[in-house]
Amino acid sequence: MKFSPLEWLGLRKRSAKAAYSGMGYEGARQRRRLSGWHPTRASMNQLISADGEELRSRSRDLIRNNPYAASALESFVANFIGTGVKPSVLITDMVMKDRIQKLWREWTDIADFTGQTDFYGLQALVGRALFEAGECFIRFRSGSNNMDGVPLQLQLLESEMVPYNKNHMADNGNQIINGIELDDNDRRVAYWFYSVYPGDPYYRIHPLTYVRVPADEVLHIYKPLRPGQMRGAPWITPSIVKLFLVDQYDDAELERKRLAAMYAGFITSGSPEDLFDENTDQPADNYSGLDSGGGPQDGPFPVLEPGTIQSLLPGEQITFSEPAEAGQSYEPFQYRNLLAAAVGMSVPYTSATGDSSKSNYSSSRQEMVEFRNRLSQLQHSCMIFQMCRPIWQRWLTDAVISGEIDIPDFLENKREYFKVKWIPPRFDWIDPLRDIQAEKLAVDNGFKARSDVIEESGFDPEETDRRIQADQKREKDLDILLTDSPLGQSLSKAPLATDDDPAGTRDAEQKLERQATK
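Along each chain, the written sequence defines residue order, and numbers are assigned to residues from 1. Per-residue local features of the predicted model are confined to residues with pLDDT of at least 70, and side-chain atom pairs are confined, for both listing and counting, to 80 or more; whole-chain, interface and lining totals are unaffected and use all residues. Side-chain metrics in this entry use all non-hydrogen atoms of the structure; hydrogen atoms and water are not considered.

Novice: In this structure, what is going on with the sheet that holds strand β3 (residues 152–157)? I would like to understand it.
Specialist: Strand pairing in a sheet relies on backbone hydrogen bonds, with the paired strands running either antiparallel or parallel. Sheet architecture is open: three strands sit in the order β3-β2-β9, paired in antiparallel fashion. Pairing within the sheet leaves two strands with one partner each, and these edge strands are β3 and β9 (218–222). Across the sheet, the mean angle separating the axes of adjacent strands is 25 degrees when strand polarity is ignored. When DSSP locates at least two bridges between a pair of strands, those strands are taken to pair. Per the convention used, a helix needs a DSSP run of H or I reaching at least four residues, while a strand needs a run of E reaching at least two, with both numbered from the N terminus. Where strand β2 (residues 135–142) meets β9, five bridges bridge the pair, whose relative direction is antiparallel. By the bridge assignment, Glu135 is partnered in β9 with Tyr222. Angles here are taken between N-to-C directions and fall from 0 to 180 degrees, while the axes themselves are lines fitted to C-alpha atoms, restricted in helices to the stretch in contact.

Below, the structure written as structure tokens:
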């Protein structure tokens, strides 16, 4: 049999694969225990396009009904966003910096297009969407003419507003993948949104059409897992099956115990046919319907009440119910499965379940450190880079254009004014005394800047220094002595007050000056 050159090449490749497949790596072998393992080779965009809607709807269902998923979500958002990721302007002109910061604080209260929350509340909603749906869209909306402050607002749009199944060539020749339009260089140029939310009642009134929004008017917040990924996957995707099946098992166990507890006992009769009329299946006429005390009885079986002494008919016996216990394996079985579910959600086990019986100080500390490291990575790669940074640039530009703030050299030095350090929410000290002592030791030995410690606490270093300076001046003006402050320590060793120096501070200040000159 003769083969063409291409057929011969394909035959040689198949023969080589059959001869050498899995010889170097055990994980690639196709024999025995791995023969049934055939994972898909589809791209991430193909997978999300096919399964995204089902993953998202199941994730939302778990958040609504599963207590562990709901608790994990609240813990994730509380640590990821807290009271908000806040900006600290890096320009050197302190007067201009204060003006910009003040204008920003005023704008955060009107940032929400719907008026339901402030800018930092929007951050929390975005964090919830990342956990529950894997993504969130933000659309820039111009404020009304009579709006006070910078005329810019933000409209949050859920994942459902951009269809997964819109995959085709656009009229202008661009490619649309998962509702996102790309140009010839695979850069995003537009997003295709539904005109109304596909699950709302408006869907029945208004036609479901598409609205094309330019990409520079939209922010897409999600965590890319692979290069070229277009859409996000729910944060709890690895734990969806585990959470659902554990919840089903727990419900079945609870229902079994509930039904077993409803039966107090069982009566057996030597002649059960005498208790019923064979034609009507009702209690027989010769059955009195009264208990031994002459009181009413519901049917042929006695009603058990507290303190009841029940007499039985001849030939009847009573056997009390003894419901089976869940067994000693129930607790460790639940623990292992919930532990796996928590790991899949990247949330500490104690945060998802509220069970701290199996943790100690060291394990809890290690668990929280790992959790916070993952959140810090997500804060900088998603929340700050994808959301906060472009919003700040758009907001400051609109502020200058609208005349809300006058920056004469803005166009020439735009990059300088766009430089902002975003300060994530502070993580509470796990061991306050030891952690603060460790930070102080690092600062004292020059291993760490004092401003870094302040920023990690969630505060602006320059604002903190100004507040400290104001506090110290107020303490001095009011003759308040704090023994833990440098001034207070010097004053504690100062001479007694005199008529000409009532607080005795003058001599103390002179001592501080002499020490400084030394």
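Novice: Any chance you could explain the sheet that holds strand β4 (residues 168–169) here in plain terms?
Specialist: Pairing in this open sheet of five strands is antiparallel, and the strands run β4-β5-β6-β7-β8 from one edge to the other. Each end of this open sheet is capped by a strand with a single partner; those strands are β4 and β8 (210–214). Pairing geometry for β4 and strand β5 (residues 175–177), over two bridges, is antiparallel. By the bridge assignment for β5, Met169 is matched with Gln175.

Novice: Looking at this structure, how should I read helix α12 (residues 432–444)?
Specialist: Think of an α-helix as 3.6 residues a turn; residues three or four steps apart then line up on the same face. In this analysis, the expected span of each helix is defined as 1.5 Å times one less than the number of residues it contains. Look at α12: 18 Å from first C-alpha to last across 13 residues, which is about the 18 Å you get at 1.5 Å a residue. Buried, partly exposed and exposed residues are distinguished by accessible area as a fraction of the type maximum, computed with a 1.4 Å probe on protein chains only: under 20%, between the cut-offs, and over 50%, respectively. Along α12, the residues that are buried comprise Asp435, Glu439 and Ala442. Within α12, the buried residues cover an arc of 65 degrees as seen down the axis, which keeps them to one side. Across from the buried face of α12, at angles greater than 90 degrees, the exposed residues are Leu433, Arg434, Lys440, Leu441 and Asp444. For α12, the elements touching its buried residues are α10 (361–402) and α13 (450–456). Note: the arc covers the axis-to-C-beta directions of the helix. Should any heavy atoms of two residues lie within 4.5 Å, those residues are counted as being in contact.

Novice: Is there a simple way to explain the pattern of salt bridges in this structure?
Specialist: Two side chains that carry opposite charge are able to pair once their charged atoms sit near each other. Any carboxyl oxygen of Asp or Glu that lies within 4 Å of a side-chain nitrogen of Lys or Arg is treated as forming a salt bridge with it. Evaluation of the coordinates by the stated rule reveals 24 salt bridges. For Glu132, the salt bridge is made with Arg60, and the minimal N-O distance between the two is 3.2 Å. Of this pair, Glu132 sits in helix α5 (residues 119–132) while Arg60 sits in helix α2 (residues 44–65), and the two are 72 residues apart along the sequence. Take Glu132 and Arg60: they sit in the same class, and that class is buried. Residue Arg231 pairs with Glu135 through a salt bridge whose shortest N-O separation is 2.6 Å. Highlighted residues: Arg231 in the loop between β9 and α7 (240–261) and Glu135 in strand β2, separated in sequence by 96 residues. Assessed through its relative accessible area of 0%, Arg231 is described here as buried. A residue is classified by how much of its surface remains accessible, and Glu135, at 1% relative accessible area, is buried. Taken together, the shared-partner salt bridges connect Arg56, Arg60, Glu132, Glu158 and Glu160 into one network.

Novice: Even after reading the chapter, I still don't get the pairing of β2, so can you show me in this structure?
Specialist: Remember that side chains alternate between the two faces of the sheet whenever the strand is regular. The sheet contact formed by β2 and β3 spans six bridges and is antiparallel. Within β3, the position partnered with Ile138 by the bridge is Leu156.

Novice: What should I look at first to understand the side chain of Arg56 in this one?
Specialist: Looking at the element boundaries, Arg56 is found in helix α2. By relative accessible area, which is 7% here, Arg56 ends up buried. For this analysis, a polar contact is any N or O atom pair within 3.5 Å, provided that within protein one partner can donate a hydrogen and the other can accept it, and provided that sequence-adjacent residues contribute only side-chain to side-chain pairs. Of the polar contacts made by the side chain of Arg56, one reaches the side chain of Glu160; its length is 3.3 Å.

Novice: How should the packing of helix α3 (residues 67–80) against α5 be read in this particular structure?
Specialist: Two quantities define a packed helix pair, namely the angle between the helix axes and the distance between the axes. The contact between α3 and α5 brings their axes to 9 Å, and the two run at 135 degrees. Classed by the angle they form, the pair α3 and α5 counts as oblique. With respect to the hand of their crossing, α3 and α5 are arranged in right-handed fashion. Contacts between α3 and α5 involve Ala69, Ala72, Leu73, Glu74, Phe76, Val77 and Phe80 from the first element and Ala124, Gly127, Arg128, Leu130 and Phe131 from the second. Under the grouping applied here, Gly and all other residues not named as nonpolar or charged are polar, the nonpolar ones being Ala, Val, Leu, Ile, Met, Phe, Trp, Tyr, Cys and Pro and the charged ones Asp, Glu, Lys and Arg. In terms of residue class, the contact of α3 with α5 is made up of nine nonpolar, one polar and two charged. Our angle categories are set so that under 35 degrees counts as roughly parallel, over 145 as roughly antiparallel, 65 to 115 as roughly perpendicular, and the remainder as oblique. For a crossing to be left-handed, the near helix must be turned anticlockwise from the far one by less than a right angle; the clockwise case is right-handed.

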